[in-house]
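# Structure at a glance
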Amino acid sequence: MAGRLEGKKCFLTAAAQGIGRATALRFAAEGGEVIATDVNEALVGELASTPGITTRRLDVLDHDAVRAMAAEVGPVDVLFNCAGYVDHGNLLDTKLEKWDFSFELNCRSLFVVTQSFLPGMLENGGGSIVNVASVVSSEMAVANRCAYGASKGAVIGFTKSVAADYIGQGIRCNAICPATVQTPSLDDRINAFDDPVAARKDFIARQKMGRLATPEEIADLALYLACDESRYITGQPMVIDGGMHL
Ligand code: NAD
């Protein structure tokens, strides 16, 4: 049976670890021609031994490099925008620099990457854009996610805007909204607490299913949104949160 992404060129940002890595592997397993990029060239390079995956260094904050990469890669069928980071803090804790950086990485880079790849997708006659937002966004709030929640809410607004503007030209644009996923950056965040054991328990306690998500579970949803099985879905924030905001 042919893979669900057979013949489709898929471009991913932040694919060296966590959700991006799992998604690159899932896309390749489904026959996609995967270009996996990350600012961490050595780590993303480990994926290059997987059939169907080529890897490149790309810092999404370097807008000239993003535009040059889009020109070099040419039209893609699937764009997976994964780059993002979590800032910890409430409104009074959050320094303006952290607010700005949250929007720089979580939103501004998304704008530049998508704007750079969209013309090729239009030239191709369409494609699927999948943005990684978060359930902590316009979907729900948790404590100490002021800049993060605001920036991920903007990702959802951007997703809907792109979906509305290009729906007549074969472009679909959806967002994935995970709750807490077991990834290397989560471990870093947990280890930054005074009591990491208690912090991990608190993260798990938020999930009504009693466990964190795996990156592979998020990659399954990414695959669905990327491939033609989801052809009637666009502009949607797809929540995958283990019942966190039931
Ligand atoms: P991660 O945070 O463990 O890894 C992030 C990757 O991004 C790393 O490989 C890093 O090198 C890369 N990166 C950082 N800055 C970059 C840049 N400027 N250009 C290119 N690559 C860069 O991965 P994760 O936890 O899977 O997070 C991926 C996405 O999922 C993020 O947008 C995050 O906000 C979102 N998300 C994560 C969780 C979670 O609990 N892990 C939950 C909801 C949403």
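Anyway, here's the lowdown on the structure attached to this text.

Thresholds applied
- Residues numbered from 1 in each chain as written.
- Predicted model: local features only at pLDDT ≥ 70, side-chain atom pairs only at ≥ 80, totals over all residues.
- Heavy atoms only, no water.
- Buried < 20%, exposed > 50% of the residue type's maximum accessible area, 1.4 Å probe, protein only.
- Helix = DSSP H or I, 4+ residues; strand = E, 2+ residues; numbered from the N terminus.
- Arc of directions from axis to C-beta.
- Contact = heavy atoms within 4.5 Å.
- Pairing = 2+ DSSP bridges.
- Axes fitted to C-alpha atoms, helices over the stretch in contact; angles between N-to-C directions.
- Core = buried A, V, L, I, M, F, W, Y, C linked by side-chain atoms within 4.5 Å.
- Near = heavy atom within 4 Å.
- Polar contact = N/O pair within 3.5 Å; in protein donor to acceptor, adjacent residues only side chain to side chain.
- Areas by Shrake-Rupley, 256 points an atom, 1.4 Å probe, with all protein chains shown as cover.
- 1 Å grid on protein atoms, 1.4 Å probe; cavity = no way out; pocket = protein on both sides within 12 Å on 5 of 7 lines; lining within 4 Å.
- Sits in = over half its atoms within 2 Å of the grid points.
- Salt bridge = Lys/Arg side-chain N within 4 Å of Asp/Glu carboxyl O.
- Phe/Tyr/Trp six-rings, centres within 6.5 Å; stacked < 30°, edge-to-face > 60°.
- Right-handed = clockwise from strand over helix to strand, strands pointing away.

### Observations concerning helix α3 (residues 63-73)
Listing the buried residues of α3 in full gives H63, V66, M69, A70 and V73. Looking straight down α3, one finds its buried side chains confined to an arc of 120°; they lie on one side. More than 90 degrees from the buried face of α3, the exposed residues found are D64, A71 and E72. On the buried face of α3, the contacting elements are β1 (9-12), β2 (33-38), β3 (53-57) and α4 (96-124). Phi turns positive, to about 80°, at G74, one or two residues after α3.

### A few points about the sheet that holds β1
Taken in spatial order, the seven strands of this open sheet run β3-β2-β1-β4-β5-β6-β7, and their pairing is parallel. Two strands lie at the open edges of the sheet, namely β3 and β7 (237-240), each paired on one side alone. The mean inter-strand angle of the sheet, taken between neighbouring strand axes irrespective of direction, is 20°. Bridge analysis of β1 against strand β4 (residues 78-81) gives three bridges, and the strand direction is parallel. Looking at β4, one finds that F11 is bridged to L79. Sheet contacts for α4: β1, β4, β5 (127-132) and β6 (171-178); angle to β4, the most-contacted strand, approximately 175°.

### Examining the nonpolar core
If you look at the biggest cluster of nonpolar residues, it comprises 31 residues, and the most contacted ones within it are L5, L12, F27, V34, A36, F80 and I176. A total of six residues in this core trace back to one element, the largest contributor, which is helix α8 (residues 215-226). If we ignore the near neighbours within four places in the chain, the residues touching L5 are C10, F27, E30, G31, G32, V78, L223, A226 and C227. By size, the runner-up hydrophobic cluster in this structure holds 30 residues, among which are A83, A163, C173 and A175.

### Re the site of the ligand
Around the ligand, 29 residues are found, and the nearest of them are I19, D38, V181, T183 and S185. For the ligand, an oxygen atom lies 3.4 Å from a polar atom in the backbone of G84. Take T183: an N or O atom from its side chain is 2.7 Å from an oxygen atom of the ligand. Taken by itself the ligand offers 840 Å² of open surface, and the protein chains cover 90% of this. Under a 2 Å grid-point criterion requiring more than half of the atoms, the pocket assigned to the ligand is the largest pocket. Elements represented by at least two residues in the shell around the ligand include exactly α1 (18-29), α5 (146-166) and α6 (184-191). It is α6 that provides the largest number of residues to the shell around the ligand, a total of three residues.

### Let's talk about the pattern of salt bridges
Tallied over the full model, the rule gives 11 salt bridges. E229 is paired through a salt bridge with R4; the nearest N and O atoms lie 3.5 Å apart. Highlighted residues: E229 in the loop between α8 and β7 and R4 in the segment before β1, separated in sequence by 225 residues. Given the relative accessible area of 31%, R4 is considered partly exposed. One salt bridge in this structure joins D228 and K8, with 3.5 Å as the shortest N-O distance.

### So, the packing of aromatic side chains
In the structure shown here, the tally under the stated rule is five aromatic pairs. Judged by centre distance (4.9 Å) and plane angle (35°), the ring pair of W99 and F103 falls under tilted. Taken together, the residues W99 and F103, both in helix α4 and four residues apart, mark about one turn of the helix.

### Some words on the pairing of β2
Burial analysis of β2 places five of its six residues in the buried class, which makes it a mostly covered element. Of the pairings in the sheet, the one linking β1 to β2 comprises four bridges and is parallel in character. Following the sheet pairing, F11 is matched in β2 by I35. Following the chain from β1 across α1 to the adjacent parallel β2, one finds a crossover that is right-handed. Sheet analysis places β2 next to β3, joined by five bridges and oriented parallel.

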